[in-house]
Amino acid sequence: MTDATVSLAAPIDVPAVGCTEHTIEIVSDAGEGAQKCGQIFGAVSAKMGNGVWTVEIIPAEIQPPPRVPDGASGYRIRIGEGPITNWGDATNLAVAFNEQVLLARHRLGALAPDAILLIEDKWAADDDADVRAAWDAAMVELAACNYRIVPVPMEAECLAVVDNPRKGKNMFALGMLAWIYQRDMDRVRDQIAYAFRKKSETIFEQNITLLKLGYDWAADHLDFRIEVVPAPITEALVVMNGNEALGLGAIASGMELCAMYPITPATSVSHYLGEVFERFGGIVHQAEDEIAAAGVAIGASYAGKVAFTITSGPGFALKTEFLGLASMIEVPLVLIDVQRGGPSTGLPTKVEQSDLLAALFGQPGDAPHVIIAPATIEECFHVMIAARRIAETFRTVVMVLSDANLATGVTPFRRPVPDAQWQAAPLDLAPVPSGQRAYDWNPVTGLSRRVIPGQAGGMHTVTGLSHDEGSKVAYSSGVHQRGSAMRSRKLAVLQSLLVAPTVYGDGDGDLLVVGWGSTKGAIEEAVDRARQAGHRVSSLHLRFLSPLEPGLKQIFRRFQKVFTVEINYSDEPDDPFITDENRRRGQLSLLLRNATLVDVDCWTRVPGEPLRPGAILDAIRARLPGGGAP
Amino acid sequence: MTAACGLLPVLDQEEDTPSYEMSDYEGARARWCPGCGDHSVLTAVQRLLAAEQLKPEQTVFVSGIGCSSRFPHYLSTYGFHGIHGRALPVATGIRLHRPDLRVFVVMGDGDCTSIGAGHWVHAMRYNLDMVVMLLDNAIYGLTKNQTSPTTPQGFRSNTQPHGSWLPALNPLSVALGVTNASFVAQTAEWVPSHLYATLRAAYAHRGLGFVRILQRCPMYSSAVYQAAVQDPARIGLLVHDDGVVVPDLEKVYTTQVAHDPHDLDAARRLAGVTDRIHLGVLFRDPSRPRYEEIRRVAPRTAEERLVELNLELDRYAV
């Protein structure tokens, strides 16, 4: 592997500009490897000790036509000297494989006004006059801004190494980035080896050659370098995306059966589990449909250890009837909903937080259950352990609401220290004590011990029909009232065990921002900026949505105004026809208004991308006395 | 009972275990209408459970919604009375997670061939080791007389008062058309000895034993099977050493059709015959792969999982 060793072509004589953070994007047509390049860059940066947050830029189709703005595919990596908790506001440096995908990013406002744009320049001299004209027009549009445009002959350079440079220039781009940001080349090489571990040695060596080519080209031609100083790594970290974290968390919780049906953006949890789960004594069952996936998980949970199912909005809707059954027969179940834009097929690859009310109220009849939303990728891991445990202890359905931002985002976090206590206990098939019934509800808490098949003396038939403690079908009045009360009571009991949430910032002030799910990093960054500007702003992030965390009313009272920030639709107060009475509000704000009787406002957007901290800051300012002027 | 001796597993009962009588499997008093064919199936099943000496705590009956899906309530085993059409996914989950349990599925024609038809096709293909009974009375009874997919064309109901618009769906042809189906049989509740023998053969089969049970609904669809009940000549008994053999039955049902259950093409032809009802095992192939065995994984202790989990975290270590 001597050929694969990277040597520096020229002494480094270009001074690096120091930045506390920088945001980098690689954009291309689908299938050109921009995401692979970005993933490797992000992983290397994390391993060097930079704070990192990455976001996938995904077109809706697998193979959209080339050179169209809508088809932009790529990867954004925000790196910092300290921890990075969200994707930030805008890109500072972009590498683009054609000018059309770059235009898409420009038009979306994704690029900082002074961004550096490294762009493949072969299109300027393309054989096709239309392509040349498109290039020229794009250059005019981009030149109207303050960007620094750097044409790069990527494919022309790569031709020295490969016949089809379309398949290799991502490594050339990685080489350029490695030079610009002074990445540790040993780590880059290791990461390439890992990323292409299923490919041949030849491919690996070719990639290293291309990497070196890009690195040398940058050293020879660029007059700028950027330095984001990595912090020494003082604790054990792991780096992964949210769906991998959910999968690993499920493993750590000791669950052994995942039933699912493919749906974006949830499926990659099962891709991960499909690869490793059997080593842990678990299986992924790909069911014939979403309904069956729920049914298999419920059947498995009914007969043994808690099982789980994974889905996203449209699949979640299909599972509804089974979820009501699980609630009625008090079968523990964990359901992961990786939310995407809706309703219907909506935005399959894009983030949204609009399943909250459907999750809470979707089942006809009263079907109380638990809803937890992890706020970070680290929490995606730990939430599964809590979810399994709560499902089992409370004989309830626990829904875990993640979203596309967490699912595909990658960030380093403290390495979990696995504990055998996290895992489900082995099945206890001891005979059921005489007199114990199927639902021996404690009249105060509603809690009861599970009886599972195999236990002698516990035989009964569970039924979705209303039933009494002995699972006998309710033919007399009062039974349904009592059963409903017992199933509901469990939520209040769970809430009594939760601690009041911690306010980020001061415990009182002019404004409190409340969020849930993946927006935590962006909200807290916006709050930091507002506080630095002297504003009395704090935030609160909820993990439990059902039951709600306790003490909210008392916390809210200490602020002049409270509003939620959410990625779901709400009417703007000044929109036509909208009044205070008919305004459709953000989903969490609706729940909070109900629970606290506080006039909780909301600021919500459905842009099909994560919220930008700058946009949240604007919303904060607009709600401050005097419009938030310093 | 001497039926299908070649098929029956040897009981590995210990001498001192208590033996179960039929009455040991009785649950709540059945609330089906007098004359309902479900009573007959319940008796045959209780007889089967006693014959096989199945421990009630090791046995699970899973059903959907409908008259016949009340079945588990009337047994003393574990039961899962779930939702309409979805008995098979629940049974699949139980079987995958707990291969030590014996699983029986009871569905009506609405459950199996209409709202749950998708699950039916796939369950046949998974070929999990369980007995699946389709109690086919060709009508929706619990919801009071609506047309089902197996209702004969022209038969009047509340939803199709001018008569069912379409030819009835043939459950046997569907089942025999599914890749990896391993056992398909048909019997009738009004021939109790055949019903019992067929259920025993299905139970003895390693794989999914699908049994369509022709069943009268005295309220709404007794006319559907009336001719066959009254005239044994309309019934053809499938006979073969590897099928269901019921002594003395040939005295009543004189039409005997020699059929080797390993012959899938012949089974499909017989399933398609419309002027005669064939009772017996149409198809049986115990060599077909069983999903539960393909997917079986070695159990891991908590400590083994911790070791593997740390290795997995190493993969992601910074």
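## Some thoughts on the interface of chain B and chain A
Listed per partner, the contact involves 49 residues of chain B and 72 residues of chain A. Across the interface of chain B and chain A, roughly 5,300 Å² is buried in total on both sides, 60% from carbon and sulfur atoms. Considering only the side of chain B, the residues that lose the most area to chain A are B:Tyr78, B:Tyr316 and B:Val318, jointly responsible for 15% of the buried surface there. Where chain B touches chain A, the interface holds six salt bridges. B:Glu312 is paired through a salt bridge with A:Arg279; the nearest N and O atoms lie 3.1 Å apart.

## Comments concerning the packing of helix H6 (residues 185-195) of chain A against helix H7 (residues 201-221) of chain A
All names here are of chain A. Direction vectors running N to C along H6 and H7 enclose 145°, while the axes themselves pass 10 Å from each other. The handedness of the crossing between H6 and H7 comes out as right-handed. From H6, Met 185, Val 188, Arg 189, Ile 192 and Ala 193 reach across to H7, where they touch Phe 204, Asn 207, Ile 208, Leu 211 and Tyr 215. A breakdown of the residues in the contact of H6 with H7 according to their chemical character gives eight nonpolar, one polar and one charged.

## Let's talk about the domain arrangement of chain A
Once the domains are mapped, chain A shows domain 1 (2-227), domain 2 (239-420), domain 3 (429-497) and domain 4 (504-628). Placing a centre on the C-alpha atoms of domain 3 of chain A and another on those of domain 4 of chain A gives a separation of 40 Å.

## A short note on the packing of aromatic side chains
All names here are of chain B. One pass over the full model with this rule turns up 16 aromatic pairs over all chains. Their ring planes at 0° and their centres at 5.8 Å tell us that Phe 104 and Tyr 203 sit as a pair that is stacked. Pair noted here: Phe 104 is in strand E3 (residues 102-108) and Tyr 203 is in helix H6 (residues 192-204), with a separation of 99 residues, a long-range link. We note that Phe 104, like Tyr 203, is buried. Every member of this aromatic cluster is reached through a ring pair, and the members are Trp 32, Phe 61, Phe 71, Tyr 74, Phe 104 and Tyr 203.

What counts and how
Residues numbered from 1 in each chain as written. Chains lettered and ligands numbered in written order. Predicted model: local features only at pLDDT ≥ 70, side-chain atom pairs only at ≥ 80, totals over all residues. Heavy atoms only, no water. Contact = heavy atoms within 4.5 Å. Buried area = accessible area lost by both parts, 1.4 Å probe. Salt bridge = Lys/Arg side-chain N within 4 Å of Asp/Glu carboxyl O. Axes fitted to C-alpha atoms, helices over the stretch in contact; angles between N-to-C directions. Helix = DSSP H or I, 4+ residues; strand = E, 2+ residues; numbered from the N terminus. Left-handed = near helix turned anticlockwise from the far one by under 90°. Nonpolar A, V, L, I, M, F, W, Y, C, P; charged D, E, K, R; others polar. Domains from an automatic or database assignment. Phe/Tyr/Trp six-rings, centres within 6.5 Å; stacked < 30°, edge-to-face > 60°. Buried < 20%, exposed > 50% of the residue type's maximum accessible area, 1.4 Å probe, protein only.

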